[in-house]
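Report on the structure
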Amino acid sequence: AQSVAQPEDQVNVAEGNPLTVKCTYSVSGNPYLFWYVQYPNRGLQFLLKYITGDNLVKGSYGFEAEFNKSQTSFHLKKPSALVSDSALYFCAVRDMTGDYKLSFGAGTTVTVRA
Amino acid sequence: KAGVTQTPRYLIKTRGQQVTLSCSPISGHRSVSWYQQTPGQGLQFLFEYFSETQRNKGNFPGRFSGRQFSNSRSEMNVSTLELGDSALYLCASSLSWTGTYEQYFGPGTRLTVT
């Protein structure tokens, strides 16, 4: 069965500083990896995904993520954080050799201070 | 294109009652998934439907059920409500259930069981 770990419950950064949200995964086959963001009282919004190809994936709102197969990681990054990036971030994985279920991490709350 | 819509947005029910939640996917999307979100358990997968067939199911008791109609709209039903069923129920749609497609989430239905 697949699983996702987001080791940090909270990440705090100053506006303008780089932002990194960590994610590691475990699957028996090839992973399809996703990042979603949830703003207060809203549903989740898709940010980016890794299916195959280039390990560096670019997504919405200036976010990018790097797939690292040897470390089974898919960390989300943004070079210069904005106060409006404050939200709850979820990493998710589908195991493409299994039942295709989408498993989510516990989420990381990002707070960007002005 | 209209997003995923969920009705109702808020619901208050009493223990022992049953409830039906509705989800209309993005036009053209044939896969609908349901999730339960709580502060303690995070995002838990309930089930996924594609072409009126349940493709995947999470680890929830049989009190939780769902269905999908020929127009891809979906409903989920919870019978004999318990206090622990209080949660945000999220519906997500995608083009297909097989992996590469990202999911688009609705705003959720906030269910409170008293």
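This text follows the structure it describes.
Our subject in this report is the structure included herewith.

Analysis parameters
- Residues numbered from 1 in each chain as written.
- Chains lettered and ligands numbered in written order.
- Predicted model: local features only at pLDDT ≥ 70, side-chain atom pairs only at ≥ 80, totals over all residues.
- Heavy atoms only, no water.
- Helix = DSSP H or I, 4+ residues; strand = E, 2+ residues; numbered from the N terminus.
- Buried < 20%, exposed > 50% of the residue type's maximum accessible area, 1.4 Å probe, protein only.
- Areas by Shrake-Rupley, 256 points an atom, 1.4 Å probe, with all protein chains shown as cover.
- Phe/Tyr/Trp six-rings, centres within 6.5 Å; stacked < 30°, edge-to-face > 60°.
- Contact = heavy atoms within 4.5 Å.
- Buried area = accessible area lost by both parts, 1.4 Å probe.
- Salt bridge = Lys/Arg side-chain N within 4 Å of Asp/Glu carboxyl O.
- Polar contact = N/O pair within 3.5 Å; in protein donor to acceptor, adjacent residues only side chain to side chain.
- Nonpolar A, V, L, I, M, F, W, Y, C, P; charged D, E, K, R; others polar.

We now examine the overall build of chain A. Helix and strand content of chain A: zero helices and 12 strands. Order of helices (α) and strands (β) in chain A, N terminus to C terminus: β-β-β-β-β-β-β-β-β-β-β-β. Seen through its C-alpha atoms, chain A measures out along the principal axes to roughly 45 × 30 × 20 Å. Every one of the 114 residues in chain A was classed for burial, and the buried ones make up 50%. For chain A, the exposed area adds up to about 5300 Å²; of that, 47% sits on carbon and sulfur atoms.

Looking now at the packing of aromatic side chains. Inspection of every chain in the model, using the stated rule, returns 15 aromatic pairs over all chains. Plain terms: the ring middles of tyrosine 35 of chain B and phenylalanine 45 of chain B are 5.8 Å apart, the flat faces sit at 65° to each other, and that makes the pair edge-to-face. Taken together, the residues span a long stretch of sequence, with tyrosine 35 of chain B in strand S4 (residues 31-38) and phenylalanine 45 of chain B in strand S5 (residues 42-50) at a distance of 10 residues. Grouping residues by exposure puts tyrosine 35 of chain B and phenylalanine 45 of chain B together as buried. Ring centres of phenylalanine 60 of chain B and phenylalanine 64 of chain B lie 5.1 Å apart, and the angle between their planes is 65°; on these two criteria the pair is classed as edge-to-face. On the accessibility criterion, phenylalanine 64 of chain B (4% relative accessible area) is buried. Through pairs of rings, three or more aromatic residues link up here, namely Phe34, Tyr36, Phe46, Phe90 and Phe104 of chain A together with Tyr35, Phe45 and Phe105 of chain B.

Before going further, it helps to examine the interface of chain B and chain A. Opposite the 21 residues of chain B that make contact, chain A presents 20 residues. Carbon and sulfur atoms make up 55% of the surface buried where chain B meets chain A, a total of about 1700 Å² over both sides. Put simply, chain B and chain A have two salt bridges between them. Across the pair arginine 94 of chain A and glutamate 48 of chain B runs a salt bridge, and its minimum N-O distance is 3.6 Å. Here chain B and chain A share five residue pairs in polar contact (both at pLDDT 80 or more) between them. By residue number, the principal contributor to the side of chain B that touches chain A is S5 of chain B, which donates three residues. Tallied by class, the residues present in the side of chain B that touches chain A amount to nine nonpolar, eight polar and four charged.

Moving on, we come to the side chain of glutamine 2 of chain A. All names here are of chain A. The residue glutamine 2 is located in the segment before strand S1 (3-5) in this model. The buried category is assigned to glutamine 2, whose relative accessible area is 13%. A polar atom in the side chain of glutamine 2 sits 2.6 Å from the backbone oxygen of lysine 101. In this structure glutamine 2 touches Ser26, Val27, Val93, Asp95, Asp99, Lys101, Leu102 and Ser103, once residues within four positions along its chain are discounted.

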